[in-house]
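Chain by chain, the residues:
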There are 2 protein chains.
Amino acid sequence: MGTMTRAPKEPQQDRSRATRRRLLEAAVSCLAEHGWAGSTVSVVAERAGVSRGAAQHHFPTREDLFTAAVEYVAEERSQALRALFPASAPADRRAVVTAVVDLYTGPLFRAALHLWVAAANEDQLHGRVTELEARVGREAHRIAVELLGADEAVPGVRETVQGLLDMARGLGLATLLSDDTARRGRVVAQWALLLDEALRT
Amino acid sequence: MGTMTRAPKEPQQDRSRATRRRLLEAAVSCLAEHGWAGSTVSVVAERAGVSRGAAQHHFPTREDLFTAAVEYVAEERSQALRALFPASAPADRRAVVTAVVDLYTGPLFRAALHLWVAAANEDQLHGRVTELEARVGREAHRIAVELLGADEAVPGVRETVQGLLDMARGLGLATLLSDDTARRGRVVAQWALLLDEALRT
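Only a predicted model underlies this, so the values are computations on that prediction, with no experimental measurement involved.

## Considering the overall build of chain A
For chain A, the helix and strand inventory stands at nine helices and zero strands. In sequence order, the secondary structure elements of chain A are arranged as α-α-α-α-α-α-α-α-α. In terms of overall dimensions, chain A has C-alpha extents of about 70 × 40 × 30 Å along its principal axes. Counting all 201 residues of chain A, 51% fall into the buried class. In chain A, once contacts between residues fewer than 6 apart in sequence are set aside, the share between residues at least 24 apart is 64%.

## Some remarks on the UniProt feature "DNA-binding region" (unreviewed entry) in chain A
Mapped onto the present numbering, the UniProt feature "DNA-binding region" (unreviewed entry) falls on residues 40-59 of chain A. Taken end to end, residues 40-59 of chain A is 75% helix and 0% strand, and its first and last C-alpha atoms sit 11 Å apart.

## Thoughts on the packing of helix α5 (residues 93-102) of chain A against helix α9 (residues 181-200) of chain A
All names here are of chain A. Direction vectors running N to C along α5 and α9 enclose 130 degrees, while the axes themselves pass 9 Å from each other. Considering their axes alone, α5 and α9 lie oblique with respect to each other. Here α5 runs over α9; the crossing is right-handed. Between α5, through Arg93, Arg94, Val97, Thr98 and Val101, and α9, the contact on the second element is made entirely by Arg184, Val188, Ala189, Ala192, Leu195, Asp196 and Leu199. Partitioning the contact of α5 with α9 into residue classes produces seven nonpolar, one polar and four charged.

## So, the pattern of salt bridges
A complete count under the given rule lists 30 salt bridges over all chains for this structure. The partner of B:Arg186 in a salt bridge is A:Glu159, and the shortest N-O contact between them spans 4.0 Å. Taken together, the positions of B:Arg186 in helix α9 (residues 181-200) and A:Glu159 in helix α8 (residues 157-174) put the pair across two chains. B:Arg135 is paired through a salt bridge with B:Glu71; the nearest N and O atoms lie 2.6 Å apart. Here the residue B:Arg135 occupies a position in helix α7 (residues 123-148), and B:Glu71 occupies one in helix α4 (residues 62-84), the gap between them amounting to 64 residues. Taking relative accessible area as the criterion, B:Glu71 reaches 22% and is therefore assigned partly exposed. Here the residues in one salt-bridge network are A:Arg82, A:Glu139, A:Arg142 and A:Glu146, joined through shared partners.

## Observations regarding the nonpolar core
By size, the foremost hydrophobic cluster in this structure holds 141 residues, and its most contacted members are A:Leu115, A:Leu148, B:Leu115, B:Leu148 and B:Trp191. In contact with B:Leu148, other than residues within four places in its own chain, are B:Arg93, B:Val96, B:Val97, B:Val161, B:Leu164, B:Leu195 and B:Leu199.

## Looking at the interface of chain B and chain A
Each partner contributes residues to the interface: chain B has 38 residues there, and chain A has 38 residues. Here chain B and chain A share an interface that buries about 3,300 Å² over both sides, 68% of which is from carbon and sulfur atoms. Put simply, B:Arg183 and A:Asp166 hold a salt bridge, and the shortest N to O gap is 2.9 Å. Linking chain B with chain A are 16 residue pairs in polar contact (both at pLDDT 80 or more), by the criterion used here. Of the residues contributing to the side of chain B that touches chain A, the split by class is 19 nonpolar, 13 polar and six charged.

## So, the relation of the copies chain B and chain A
When chain B is brought onto chain A, the operation consists of a screw motion whose angular component is 180 degrees and whose axial shift is 0.0 Å, with 0.0 Å RMSD remaining. Between the two chains, the operation in question is that of a two-fold axis. Interface residue correspondence from chain B to chain A reaches 100%, placing this contact among same-surface, isologous pairings.

## Digging into the confidence of the model for chain A
Confidence in the prediction for chain A averages 92 pLDDT; 95% of positions are at 70 or higher. At the low end of the mean pLDDT range in chain A sits helix α1 (residues 9-34) of chain A, at 91; at the high end sits helix α2 (residues 41-48) of chain A, at 97.

About the criteria used
Residues numbered from 1 in each chain as written. Chains lettered and ligands numbered in written order. Predicted model: local features only at pLDDT ≥ 70, side-chain atom pairs only at ≥ 80, totals over all residues. Heavy atoms only, no water. Helix = DSSP H or I, 4+ residues; strand = E, 2+ residues; numbered from the N terminus. Buried < 20%, exposed > 50% of the residue type's maximum accessible area, 1.4 Å probe, protein only. Contact = heavy atoms within 4.5 Å. UniProt positions renumbered as here; feature names shortened; annotations may be inferred. Axes fitted to C-alpha atoms, helices over the stretch in contact; angles between N-to-C directions. Parallel < 35°, antiparallel > 145°, perpendicular 65-115°, else oblique. Left-handed = near helix turned anticlockwise from the far one by under 90°. Nonpolar A, V, L, I, M, F, W, Y, C, P; charged D, E, K, R; others polar. Salt bridge = Lys/Arg side-chain N within 4 Å of Asp/Glu carboxyl O. Core = buried A, V, L, I, M, F, W, Y, C linked by side-chain atoms within 4.5 Å. Buried area = accessible area lost by both parts, 1.4 Å probe. Polar contact = N/O pair within 3.5 Å; in protein donor to acceptor, adjacent residues only side chain to side chain. Least-squares fit on C-alpha atoms with pLDDT ≥ 70 in both. pLDDT = per-residue confidence, 0-100.

Take a look at the structure:
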């Protein structure tokens, strides 16, 4: 450590964490805007205002950086979704369906989609992204069950919620090339009704 | 034409059509297996057993070839889907839902997905693929309405069917990295029930 010991330890750890966070957020934006082919550690480091060396200290490979970025932002979004609906108050199902679908229509889903599709043809990504998507998918399912107040002990309820999440991913895909907001609003309103009836029984 | 006039015209047109079809089918398989980055006119020509010159005679650019390929195979699949459920017999809704979802879980959807995601970042593709997806999407909607015997004059029915197709695309996405057949079967069974009830009113 030598002369480094003069700097207090906490602030340095804070700085390191802040750098890491900046890199992760820049990586998701980069992936969402430029796709996998246009996303490298260098491009992200520049975007985050971090040296390439520092970026590689945090994330030795391109795969490390982008899988960590999608996971980090997914966790942030999950927490934000839970915070929208405090456990104390019963949530309106249409509002929950809308919020769940929103998880799949922003830059995070766009970034995840690029990573997902790249992983179909890149061996270095395939295993990691498969595992990441399973983890993120399970968490989304858990949150949806909780916020919808769904009782998975009832036959069919688990699949009802899974289908809703599949629909949300399809709606996210539909938003990739053009603005699908108006149509999506109508689909979500209708399926929130159907879901409400399905979960009432 | 000169010496060419000796060859009868019909067989030559047939040959040309057969070459075109071989190229289109090879293009979809290539895109499904290797993604957009690995899909070029040369690779497809070799796969189809056609000279590069002949391939470029049919499809001057890479964009021409792959958008035409996705459109051609989508039409073939639509016709095959209609043929599965002759208008004379009332169709079982669960069977229809299963068949519609199947449209999105094979090589065609995988190819379309690669094209779709590439179009998000490539200007030469963006407009064409947006238009293509809208056209293919409208046709899928038309077929689904017809086979499900859905009455779109009833409020909400249009959105119910749209949501089903969004779900089918989400299920297609879930099949990209790993085999999702068992889970998909359960989701489809459950949502076919919900859909059946929704369309009964």
